[in-house]
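Remarks on the overall topology
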Amino acid sequence: MAKKRTLSPETISAQAAHQTDALTGGVIPAIHPSSTFVRDKNYQLINSRHGYGRDENPGFAIAERVLAQLEGAPAALLFSSGMAAATTVLQTLKPGDHIVAPRVMYWGLRNWLIKFCDQWGLGLDLFDPTKPDAIASSVRKGQTKLVWIESPCNPSWDVIDIAAASKIAHHAGARLVVDSTVSTPVLTQPVKHGADLVLHSATKYLNGHCDIVAGALVTAKEDAFWENVCALRVDAGAILGSFEAWLLQRGMRTLFLRVRKASESALTLAEHFDGHARLEAVIYPGLPSHPGFEIAKRQMDGGFGGMLCLQVKGGAKGALNVAKRCKVFIRATSLGGVESLIEHRYTIEGEGSPVPRDWLRLSIGIESVDDLIADLEQALE
Ligand SMILES: *Cc1c(COP(=O)(O)O)cnc(C)c1O
């Protein structure tokens, strides 16, 4: 008897897990914009799963099934943004609970966490992601409910050992949440390393075309905690639009091609500019000089991601001058699209930002890497 082959994630991604349109036979699934659903003469819903647009949408389920399979997890949930996904997890906490998170992480979430924890009576410890013992010394057994990590951390690209963080979190009785926006399931499947929840800003690589704002959570277990998260999305209403969910299922079909190309080009570019006379440093987890290199080699599979920073000689002015002279790289915030972006992160984050003023953050797209290198070469002249 033939052994049942499991499909590779690339196949699942390209075919949206073989989900087609049952009603028409369309190869591509339909969009369901309806905000409300019909009841029959006996006042029964025609389809018992669907009553009102905030509860469920057939289109969400399509993208959620693909993402869950790519992460090797039982379930995923879409949200109206990465921040909505993150803040939904935090809404499960009670006053007195404690959270541990890295000092360098997505700045919007770090700023929100600091405010939210103060307002809602939650304890918060921000640890140094470059110090391997920092998580263990920050958790409080019984009180810490969430250990929140990002890997690689945006924008220092510090790599956190997910398996080690998971052991520490579980020993303390906490859940481990991994923001895997930068790694994507192509390079790391955090659930396999012991994560309880995985967060994505689907605005970035998952969609990959800079044309939607969306978020997602993936769970290792469909337990009571997860049910609470599902209920919070419905009750608090942080749902995605039906068109955005449809664009996301389309974007994910090319995820593997996009992420692999971006990773390959980012490594070529990082190696090319490492040691350049106009740069202090190239910050990329794929360079042996990066403190996260050894963990990245173990934890990231098939590449080191498409994100890096250049530390430019001449301070903020030197960095801004390089950004000014770029003709191929587009000056804009965000990441994970098919077009390469360059940004002066300190300007975006402003006063109090831990990001050095002489850093430029690059999100590498899928263009010819020769064009990207030539653009930076002329900008650095
Ligand atoms: C962008 C981003 C977020 C926030 O996601 P939104 O979709 O903008 O709400 C969270 N984490 C990381 C790492 C991000 O890059």
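Residues numbered from 1 in each chain as written. Predicted model: local features only at pLDDT ≥ 70, side-chain atom pairs only at ≥ 80, totals over all residues. Heavy atoms only, no water.

1. Things to note about the packing of helix α10 (residues 255–273) against helix α14 (residues 369–379)
Between two packed helices, both the angle of their axes relative to each other and the distance between the axes serve to describe the pair. Where α10 meets α14, the closest approach of the two axes is 10 Å, and the angle between their N-to-C directions is 35°. The handedness of the crossing between α10 and α14 comes out as right-handed. Residues S265, T268, L269, H272 and F273 of α10 form the contact with α14, whose own contacting residues are V369, L372, I373, L376 and E377. Split into classes, the residues belonging to the contact of α10 with α14 amount to six nonpolar, three polar and one charged. (Axes fitted to C-alpha atoms, helices over the stretch in contact; angles between N-to-C directions. Helix = DSSP H or I, 4+ residues; strand = E, 2+ residues; numbered from the N terminus. Left-handed = near helix turned anticlockwise from the far one by under 90°. Contact = heavy atoms within 4.5 Å. Nonpolar A, V, L, I, M, F, W, Y, C, P; charged D, E, K, R; others polar.)

2. A few points about the environment of F116
The residue F116 is located in helix α4 (residues 107–120) in this model. For the pair F116 and T87, spaced 29 residues apart in sequence, the C-alpha to C-alpha distance is 9.3 Å. The contacts of F116, once residues within four sequence positions are left out, are L90 and L122.

3. A few points about the domain arrangement of the protein chain
Note on interface size: it is often stated as the accessible area lost on association of the parts. Assigned domains of the protein chain: these are domain 1 (9–252) and domain 2 (256–380). Averaged C-alpha coordinates put domain 1 and domain 2 at centres separated by 26 Å. Across the boundary between the two partners, domain 1 contributes 35 residues, which contact 37 residues of domain 2. Taken together, both faces of the contact between domain 1 and domain 2 bury some 3,000 Å²; the carbon and sulfur share is 64%. (Domains from an automatic or database assignment. Buried area = accessible area lost by both parts, 1.4 Å probe.)

4. So, the pairing of strand β9 (residues 307–312)
In regular strands, side chains alternate between the two faces of the sheet. With five of six residues buried, β9 lies mostly within the body of the structure. Here four bridges tie strand β8 (residues 279–283) to β9, and the two strands are oriented antiparallel to one another. Of the residues in β9, the one forming a bridge with A281 is Q311. (Buried < 20%, exposed > 50% of the residue type's maximum accessible area, 1.4 Å probe, protein only. Pairing = 2+ DSSP bridges.)

5. Observations regarding the site of the ligand
In the neighbourhood of the ligand, 13 residues make up the surrounding shell, with M83, D179, S201, T203 and K204 lying closest. At a separation of 2.8 Å, an oxygen atom of the ligand approaches a polar backbone atom of M83. Here a nitrogen atom of the ligand sits 2.7 Å away from a polar atom, N or O, in the side chain of D179. Expressed as a share of its isolated accessible area of 380 Å², the protein-covered part of the ligand is 92%. Partitioning the shell around the ligand into residue classes produces four nonpolar, six polar and three charged. (Near = heavy atom within 4 Å. Polar contact = N/O pair within 3.5 Å; in protein donor to acceptor, adjacent residues only side chain to side chain. Areas by Shrake-Rupley, 256 points an atom, 1.4 Å probe, with all protein chains shown as cover.)

6. Quick notes on the pattern of salt bridges
This structure, assessed with the given rule, holds 14 salt bridges. Across the pair E56 and R49 runs a salt bridge, and its minimum N-O distance is 3.9 Å. Residue R49 is classed as exposed on the basis of its relative accessible area of 53%. Of the charged contacts, one joins K297 and E294 as a salt bridge, the two residues approaching to 3.6 Å between their closest N and O atoms. Within this pair, K297 and its partner E294 are both found in helix α11 (residues 293–299), separated by three residues, close to a single helical turn. Each member of the salt-bridge network shares a partner with another, and the members are R110, E343, R345, E349 and R361. (Salt bridge = Lys/Arg side-chain N within 4 Å of Asp/Glu carboxyl O.)

7. Topic: helix α9 (residues 242–251)
Counting buried positions along α9 gives seven out of ten residues, so the element sits mostly inside the fold. Turning to α9, its buried residues number three or more, namely S242, A245, W246, L247, L248, Q249 and G251. Here the buried face of α9 lies against α2 (58–70), β1 (75–79) and α10.

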